[in-house]
Amino acid sequence: MSLKPTLTALMLATVAATPAFAETADVVFGTNWLAQAEHGGFYQSVADGAYAACGLNVEIISGGPQVNNRALMLAGRIDYHMGGDLLQAFNAVKEGIPVVAVAATFQKHPQVLVAHPDVESWEGLKDRTLLIGDNGFTSYYQWMIAEHGFTVEQRQPYTFNPAPFLADTSVAMQGYLSSEPYLVEKEGGFEPNVFLIADNGFSSYATTIETMQATIDEKPEQVKCFVEGSIKGWYNYLYGDPSGANELIKAANPDMTDDKIAYAINKMKEWGIVDSGDALQLGIGVMTDEVVNDFYAKMVNAGVIEEGLDVSAAYTLEFVGEGVGMDLKPGG
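Residues numbered from 1 in each chain as written. Predicted model: local features only at pLDDT ≥ 70, side-chain atom pairs only at ≥ 80, totals over all residues. Heavy atoms only, no water.

1. Considering the pairing of strand β5 (residues 99–106)
Strand residues, when the strand is regular, have side chains that alternate between the two faces of the sheet.
Piece 1. Counting buried positions along β5 yields 8 of 8 residues, so the element is predominantly enclosed.
Piece 2. In terms of strand pairing, β5 meets strand β11 (residues 206–212) through 6 bridges, oriented antiparallel. Pairing of F106 across the sheet is with A206, part of β11. (Buried < 20%, exposed > 50% of the residue type's maximum accessible area, 1.4 Å probe, protein only. Helix = DSSP H or I, 4+ residues; strand = E, 2+ residues; numbered from the N terminus. Pairing = 2+ DSSP bridges.)

2. Describing the environment of L113
Piece 1. Residue placement: L113 occurs in strand β6 (residues 111–115).
Piece 2. In this structure, the C-alpha to C-alpha distance between L113 and H148, residues 35 residues apart in sequence, is 14 Å.

3. A look at the state of the cysteines
Piece 1. Counting across every chain of the model gives 1 disulfide.
Piece 2. For C54, the disulfide goes to C225, at an S-S distance of 1.7 Å. Measuring the twist about the S-S bond at about 80°, one finds the C54-C225 disulfide to be right-handed. Of the two residues, C54 is situated in the loop between α2 (40–47) and β3 (56–61) and C225 in helix α10 (residues 220–239); the sequence distance between them amounts to 171 residues.
Piece 3. Judged by relative accessible area, which is 17%, C54 ranks as buried. (Disulfide = S-S within 2.5 Å.)

4. Considerations on the side chain of Q107
Piece 1. Locating Q107 in the fold gives a position in the loop between β5 and β6.
Piece 2. One polar contact links the side chain of Q107 to the main-chain carbonyl oxygen of V286, over a distance of 2.8 Å.
Piece 3. With near-sequence residues (within four places) excluded, Q107 lies in contact with S204, Y205, I273, V274, S276, D278, A279, G285 and V286. (Polar contact = N/O pair within 3.5 Å; in protein donor to acceptor, adjacent residues only side chain to side chain. Contact = heavy atoms within 4.5 Å.)

5. Thoughts on the environment of M268
Piece 1. Topologically, M268 is positioned in helix α12 (residues 258–270).
Piece 2. Sequence separation between M268 and L177 is 91 residues, and the spatial gap between their C-alpha atoms is 8.2 Å.

6. Considerations on the packing of α10 against α12
Piece 1. Packing of α10 against α12 leaves a shortest axis separation of 10 Å and a crossing angle of 110°. Compared by their axis directions, α10 and α12 come out roughly perpendicular. Taken together, the residues of α12 that come into contact with α10 (itself represented by W234, Y237, L238 and Y239) are I261, I265, M268 and K269.
Piece 2. Taken together, the residues of the contact of α10 with α12 break down into 7 nonpolar, no polar and 1 charged. (Axes fitted to C-alpha atoms, helices over the stretch in contact; angles between N-to-C directions. Parallel < 35°, antiparallel > 145°, perpendicular 65-115°, else oblique. Nonpolar A, V, L, I, M, F, W, Y, C, P; charged D, E, K, R; others polar.)

7. What to know about the confidence of the model for the protein chain
Piece 1. Of the residues in the protein chain, 93% have a pLDDT of 70 or more, and the chain-wide mean is 93.
Piece 2. Confidence drops under pLDDT 50 across residues 1–22; counting only partners more than four residues distant or on other chains, this segment forms 39 contacts. (pLDDT = per-residue confidence, 0-100.)

8. Here's the deal with the pattern of salt bridges
Piece 1. Taken as a whole and judged by the stated rule, the model has 13 salt bridges.
Piece 2. Residue R70 pairs with E210 through a salt bridge whose shortest N-O separation is 2.9 Å. With R70 in helix α3 (residues 69–74) and E210 in strand β11, the pair connects residues that are 140 residues apart, well separated along the chain. Of the two residues, R70 and E210, both sit in the buried class.
Piece 3. Residue K224 pairs with E228 through a salt bridge whose shortest N-O separation is 2.8 Å. Here E228 and K224 lie together in helix α10, a separation of 4 residues that amounts to about one turn. (Salt bridge = Lys/Arg side-chain N within 4 Å of Asp/Glu carboxyl O.)

9. A closer look at the packing of aromatic side chains
Piece 1. A complete count under the given rule lists 20 aromatic pairs for this structure.
Piece 2. Measuring from ring centre to ring centre gives 6.3 Å for W122 and W143, while their planes differ by 50°; the resulting arrangement is tilted. Of the two residues, W122 is situated in the loop between β6 and β7 (129–132) and W143 in helix α6 (residues 140–148); the sequence distance between them amounts to 21 residues. Taken as a pair, W122 and W143 share a single burial class, namely buried. (Phe/Tyr/Trp six-rings, centres within 6.5 Å; stacked < 30°, edge-to-face > 60°.)

10. Details of the sheet that holds β6
Backbone-to-backbone hydrogen bonds join strands into a sheet, with any given pair of strands oriented parallel or antiparallel.
Piece 1. Here we have 5 strands laid out as an open sheet, ordered β8-β7-β9-β6-β10, and mixed in their pairing. Each edge of the open sheet carries a strand with a single partner, namely β8 (155–157) and β10 (193–196). Across the sheet, the mean angle separating the axes of adjacent strands is 30° when strand polarity is ignored.
Piece 2. Bridge count between β7 and β8: 3 bridges; the pairing is parallel. Bridge pairing links L130 to R155 in β8.
Piece 3. Against the sheet, helix α8 (residues 180–188) engages β6, β9 (171–176) and β10, with an angle of about 125° to β9.

See below:
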């Protein structure tokens with residue numbers, strides 16, 4: 001689905017600032033799912049002119065169940081892509097694909113385990129049946145087995161239907177921080193206990209910004225503009241007025257409602273998904289060698305990825321870590 005910046009957004013962008021470049025460059029950013037609050041900072045940068053201020057006219061195209069925007073980037077049809085976690089980046093290195101993560105929007109992976117109120121701790125999940133999808137089973141669940149003692153036997157496939165969980169207090173399930181807990185509250189009538197895998201040692205960044213190595217080599221100023229514009233958008237989305245971005249999100253995804261958006265924004269702030277850890281000192285989007293290498297070691301130990309990869313090829317620190325946009329945060 002293609003989403004062009006609205007006329008209002010373009011007018012705001014024109015008023016906001018004079019482009020730093022003589023000519024405006026058209027670029028396309030593909031997300032990895034349908035438009036939602038977890039993409040809000042990017043839409044904010046369109047709505048309030050952060051991209052236009054440094055010379056970019058950004059079109060955001062949504063991902064979805066039948067859309068592979070990463071493949072479009074590999075084919076040269078889009079310029080930037082919203083990556084998932086670092087496992088994607090490691091696998092690109094393994095396959096010799098020159099995709100590079102240039103920023104990490106989420107300092108914490110928003111994957112959670114959702115349990116009934118009687119489960120009071122991460123350890124308490126060990127005597128529950130866990131509904132985990134196939135992708136989760138081959139990635140973070142292997143880490144849960146290796147580092148925390150969970151078992152293959154207690155895992156059952158998750159079909160993205162909360163009904164089995166709602167019907168049985170002995171069952172817990174995987175979820176996305178702003179999705180399944182919200183559904184449980186609405187459909188089950190109770191507030192579940194939620195356990196963020198990031199807070200229990202799953203140290204991957206998430207919602208990365210990816211581009212091709214050739215783009216970095218040939219257009220470093222464009223990459224800098226896109227990354228820094230996105231960072232400013234995230235500060236304004238979380239701590240300023242997100243209404244312009246939210247209107248663009250709802251236009252791109254009519255199933256997204258104001259209450260879902262508000263819930264997601266609150267959860268991202270409450271759990272420090274975007275602005276925590278190193279980002280508190282170095283700015284949103286930051287990555288460090290220490291975090292990347294720590295996560296790689298954990299995935300090797302869990303048997304998820306092979307040893308000996310040159311993971312330094314998966315990312316660059318060139319465009320982050322300089323505190324861009326921190327002045328936009330209250331008290332910043």
